[in-house]
Amino acid sequence: MAHTRRGWDPSLWVSLKPFGMGEQRPNNYLEIWKALVENRDQLPYAWRILSQGVCDGCALGTAGLSDWTLSGVHLCNIRLRLLRLNTMPPFAPSLLADVGTLTGASSGDLRALGRLPCPLVRRRGEAGFQPLSWDAALDLVAAHIRSSAPERLGFYLTSRGMPNESYYMAQKAVRAMGTNSIDNAARLCHAPSTVALKGSLGVGATTCSCSDWLETDLIVFIGSNVANNQPVATKYLYHARRNGARIVCVNSYREPGMERYWIPSIGDSALFGTKLAETFFLINTGGDVAFLNGVLKHIFAEEWHDADFVRRCTSGFAALRACLDEQHWDELEAEAGISRAEMRQMAELVRDAKRAVFVWSMGVTQHAHGEDGVRAILNLALSKGFVGRPGCGVMPIRGHSGVQGGAEMGAYATVFPGGEPISEAAARRLEALWGFRPPTQPGMTTPAMLAAASRGELDVLFAAGGNFVEVMPDPEHTRAALERIPLRVHMDIALSSQMLIEPADTVLLLPATTRYEIPGGVTETSTERRVIFSPEIPGPRVPQARCEAEVFADLAARVRPDLAHRLRYRGMAAIREEIARVIPFYDGIQYLRRQGDQFQYGGPHLCAGWRFPTPDGKARFTPVTPPRTVVPEGMFRLSTRRGKQFNTIVHEQRDALNGATRDAVLMNAADAARLGLRDGDAVRLVNERGEYRGRVLLAPLRPGNLQVHWPEANHLLSRDTCSPEAGIPDYNALVRVERA
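Described below are features of the structure shown in this document. Since we're looking at a predicted model, the values are computed, not measured.

### Here we look at the packing of helix α12 (residues 288–301) against helix α18 (residues 370–382)
Part 1: One can describe the packing of α12 onto α18 by two numbers: an axis separation of 9 Å at closest approach and a directional angle of 20°. Considering their axes alone, α12 and α18 lie roughly parallel with respect to each other. As for how α12 packs across α18, the hand of that crossing is left-handed. Contacts between α12 and α18 involve V289, L292, N293, V295, L296 and I299 from the former and D372, G373, A376, I377, N379 and L380 from the latter.
Part 2: For the contact of α12 with α18, the per-class residue count stands at 8 nonpolar, 3 polar and 1 charged.

Below you can see the structure in the form of structure tokens.
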């Protein structure tokens, strides 16, 4: 546990109004009451999940009500809102006999109906779904797969509480069926981070621990809003401030929750609030590379970098410096939307810090230049050796509990388990361990699967969780692509809107267990690389629900009966034993058996002692050039944001952090005045892909930029614009504003 100061510090208080009365803020105590009411039919079970299970919300890795960073109770409103997914009963199968009765139902309405009760099938021309047995369901899927070809199959896994064991077994089963076309939600979030980290540092995950936030001088958040997406992290920031750290945010919007927060489990913060970030640099959407390069230009010009570290432990410095010398200040200022003087202010903060932690999220990665955005962060961190030592690190913070492990288990179209690139040599190694040879042709990513489907070149899509219609850009194109797939299989806990799309031939629904229902318990890997055991929690069950690991193993055995003895599901403990053999840095997972068991692979710090697992043992600076965004006269840069939601699960129509309703168009006051608009005015956002109707919400945003909620505005986004190396969609656009 990290050191924390005791007592109160009034200098950090937001105001003297008790409990923030009259302030725009979340009411976390009301969230507890709502959870009690929502789960009143299963309160003992709900309490056991909270007190014994590993959180299935964000990826901080809270186990029970505690973690490995701070003592005390850790419980956030995201976890409370997700609790009902684990405790609600199944609906009656007859409810889906005619799906026409559900026309117009929102995703929230569909979830509220209850858990999927049993396997259900709907064929083209039928009004709805009919129950069938698990054997009949899996035989149906196996027959379609056998009659197709590997290049016409696609598999997808969501981040919805899915454990390491299920990810691992699914990717092994898919490869036994002859394809590498398996993808998961990690790609849509942090694949650019993995690409950039491996290229610069030789590692693919955060280099530090959350406890380093409490021991550092400077914490820089870039395109990340932990107050909304990882609320327990505000406790870390409270103690970081108490210990003297400065908190800086780089974003296009001055997020209210990052500026101040009322932390319910800390006495003075609950009463008077806590000032968190002191400094905000409001940049253009997509202006990260230009801003960070400008900061580095100042640092190099003033010789503020750690010359000894750079000389001994890095390569590529001269090339990066030469690249920066060719970038002119006026171009950097125009792209970043911020002045040279403000870039110098940030450089001075870096100069004065002996230790620093850099944290980023999808505000950096979900761009057409996401990889270069991360590389620019890493270049800045390396300029002073802010890796591999206490109080220092680079952290691509995860928003969902399954994604870190999902990528490392190999549920990726482009890598094998452990992040090993697909190659003949890697396939031979797996053949020796698995008893069969996996394919060596890289598979399709999610955007590629949907593109193939739209061309009529995808025969089977097996999606465990997720909702492509609400996640992917251009939802109408996505819907049309799904309608062309002969067999769609959706395995999940509850209904989603994509399940009700008319089948080209057949749609199959399969009921999944939650992580808390899996016999023998399972594991999750947190943002800080901590592999944590989550036990099976006694309680009510959906009798026909099965875990994904078991289903994928069973399916692969039916497709490849010659490999059945190598694929049959033998329990979670056996899977963990195999993971330890196949993924060397997960050695230790085989010993996790009880509540509280955990280990942090790589230790508290990767690259400790400035030893980098690269070919030459050195970290690498990478020259990056800012994109040149041409914004036509009258157009705005638009980015999508999260409100009171978890992934696409919208919990409230109004965000308590900033008061924004779901149709809010966040706009700078000067831009609104120029357009003759006032707060609350109805507007249309228009581009070549469509229009979005909403209402102006005046907000502290960089002029020339707008924000709207995701996924409501996904139809304004291009399905064809992806990052060049990781292939994740760009969730930003250019739009024109018109009075509605």
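Continuing now.
### Brief notes about the side chain of S193
Part 1: Of note, S193 is situated in helix α7 (residues 185–201).
Part 2: S193 has contacts with W360, T365, V374 and P396, leaving out every residue within four places of it along the chain.

### Structural notes on the sheet that holds strand β3 (residues 153–157)
Part 1: Taking strand neighbours across the sheet as the criterion, the 7 strands line up as β2-β1-β17-β16-β15-β3-β4 in an open arrangement whose pairing is mixed. Bordering the open sheet on either side are β2 (130–131) and β4 (182–184), each of which pairs with just one other strand.
Part 2: For strand β15 (residues 460–464) and strand β16 (residues 487–492), the ladder comprises 5 bridges, and the chain directions are parallel. Residue A463 lies in a different strand from β16, and its bridge partner there is H490.
Part 3: Across the sheet, helix α24 (residues 548–559) is in contact with β3, β15, β16 and β17 (506–511); its angle to β15 comes to roughly 160°.

### Focus on the packing of α12 against helix α16 (residues 340–352)
Between two packed helices, what matters for the description is the angle formed by their axes and the separation of those axes.
Part 1: Running from N to C, α12 and α16 point in directions that differ by 65°, and their axes come no closer than 8 Å. Overall, the two elements α12 and α16 adopt an arrangement that is roughly perpendicular. Regarding α12 and α16, the two cross each other, and that crossing is right-handed. Across from A290, F291, G294, V295, H298 and I299 in α12, the residues of α16 making contact are R340, M343, R344, M346, A347 and V350.
Part 2: Counted by class, the contact of α12 with α16 contains 8 nonpolar, 2 polar and 2 charged residues.

Rules used throughout
- Residues numbered from 1 in each chain as written.
- Predicted model: local features only at pLDDT ≥ 70, side-chain atom pairs only at ≥ 80, totals over all residues.
- Heavy atoms only, no water.
- Axes fitted to C-alpha atoms, helices over the stretch in contact; angles between N-to-C directions.
- Helix = DSSP H or I, 4+ residues; strand = E, 2+ residues; numbered from the N terminus.
- Parallel < 35°, antiparallel > 145°, perpendicular 65-115°, else oblique.
- Left-handed = near helix turned anticlockwise from the far one by under 90°.
- Contact = heavy atoms within 4.5 Å.
- Nonpolar A, V, L, I, M, F, W, Y, C, P; charged D, E, K, R; others polar.
- Pairing = 2+ DSSP bridges.

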